[in-house]
Amino acid sequence: TGVKISQGDYIWFFDADDFTSFKSVENIINQIEKTTPELIYLKPVIYHEARQDYDDWHDVEICDIAFGEEHIKTLKDAPELIASEVSVCRCVISRSLIEKINLTFEEKIHWEDIYPHLQLIDNANEIVYLDTLGTYFYRVESECEQITSARGETRLGVVKEFEKCFKYADKH
């Protein structure tokens, strides 16, 4: 629904436990003006609210290897991206790419962005890695309910998402 009513050329999704800074938005706008990529891959930082400190994101090394010094790639140029941490929230996505793949998220399941993430990195003609630390913050140990700490049947959404990914991989 949000995508349908939005008017910008780029979309950036956020979860309840995510946050950013004005400087980050400025860096993203500068990158868009410089290269007009279909997908901007951000270098997230984990913010531990209880300890009030930060850690590198889980896949920093994978992304550093995948992008190297060039920072502009496609999945064919950097197949290591397939092993990067899945999160649509770490991506700024062009409206044209959203429309090209008809980006949708299955409702009422957790991990709903696994399959869309695969579609995005597979179909983007140009992926730019914005490796500036502190562009996107993922908060842990907060009062917000986090999917990664949830228990029960809703966590099984990951099975549905992987099933879609396997079917997609068979076709492509």
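Structure: see above.
Definitions and cut-offs
- Residues numbered from 1 in each chain as written.
- Predicted model: local features only at pLDDT ≥ 70, side-chain atom pairs only at ≥ 80, totals over all residues.
- Heavy atoms only, no water.
- Disulfide = S-S within 2.5 Å.
- Buried < 20%, exposed > 50% of the residue type's maximum accessible area, 1.4 Å probe, protein only.
- Helix = DSSP H or I, 4+ residues; strand = E, 2+ residues; numbered from the N terminus.
- Phe/Tyr/Trp six-rings, centres within 6.5 Å; stacked < 30°, edge-to-face > 60°.
- Pairing = 2+ DSSP bridges.

## Quick notes on the state of the cysteines
Here is step 1: Under the definition given, this model contains 0 disulfides.
Here is step 2: A disulfide-free cysteine, C89 has its sulfur positioned 8.8 Å from the sulfur of C91, the nearest such atom.
Here is step 3: By relative accessible area, which is 4% here, C89 ends up buried.

## Things to note about unusual backbone geometry
Where the residue is not glycine, phi is negative for most of them; where a peptide bond is considered, it is trans in most cases.
Here is step 1: Positive phi values are uncommon outside glycine, yet T36 reaches one of about 40°.
Here is step 2: Turning to its location among the elements, T36 is positioned in the loop between α2 (22-35) and β3 (39-42).
Here is step 3: Relative accessible area serves as the criterion here: at 55%, T36 is assigned to the exposed category.
Here is step 4: For Q52, which is not a glycine, the phi torsion comes out positive at approximately 55°.
Here is step 5: The topology assignment puts Q52 in the loop between β4 (45-48) and β5 (53-56).

## A short note on the packing of aromatic side chains
Here is step 1: Applying the stated criterion across every chain, the model contains 13 aromatic pairs.
Here is step 2: Aromatic side chains F13 and F105 sit 5.3 Å apart centroid to centroid with 75° between the ring planes, which places their arrangement in the edge-to-face category. Residue F13 is found in the loop between β1 (10-12) and β2 (18-19), and its partner F105 is found in the loop between α4 (95-101) and α5 (114-123); the two are separated by 92 residues along the sequence.
Here is step 3: On the basis of an interplanar angle of 65° and a centroid distance of 6.3 Å, the ring pair of W57 and Y136 is categorised as edge-to-face. Of the two residues, W57 sits in the loop between β5 and α3 (60-67) while Y136 sits in the loop between β8 (127-130) and β9 (137-140), which places them 79 residues apart along the sequence.

## Considerations on the pairing of β4
Here is step 1: Burial along β4 is two-sided: the face carrying V45 and Y47 and the face carrying I46 and H48 are both buried.
Here is step 2: Where β4 and β5 come together, 4 bridges link them in antiparallel fashion. Bridging across to β5, V45 finds its partner in D56.
Here is step 3: Counted between consecutive antiparallel strands, the loop separating β4 from β5 contains 4 residues, among which Q52 sits at a positive phi close to 55°.
Here is step 4: With 4 bridges joining them, β4 and β9 adopt parallel strand pairing. Across the sheet, the residue bridging to I46 is Y138, located in β9.

Purely geometric numbers; function is a separate question.
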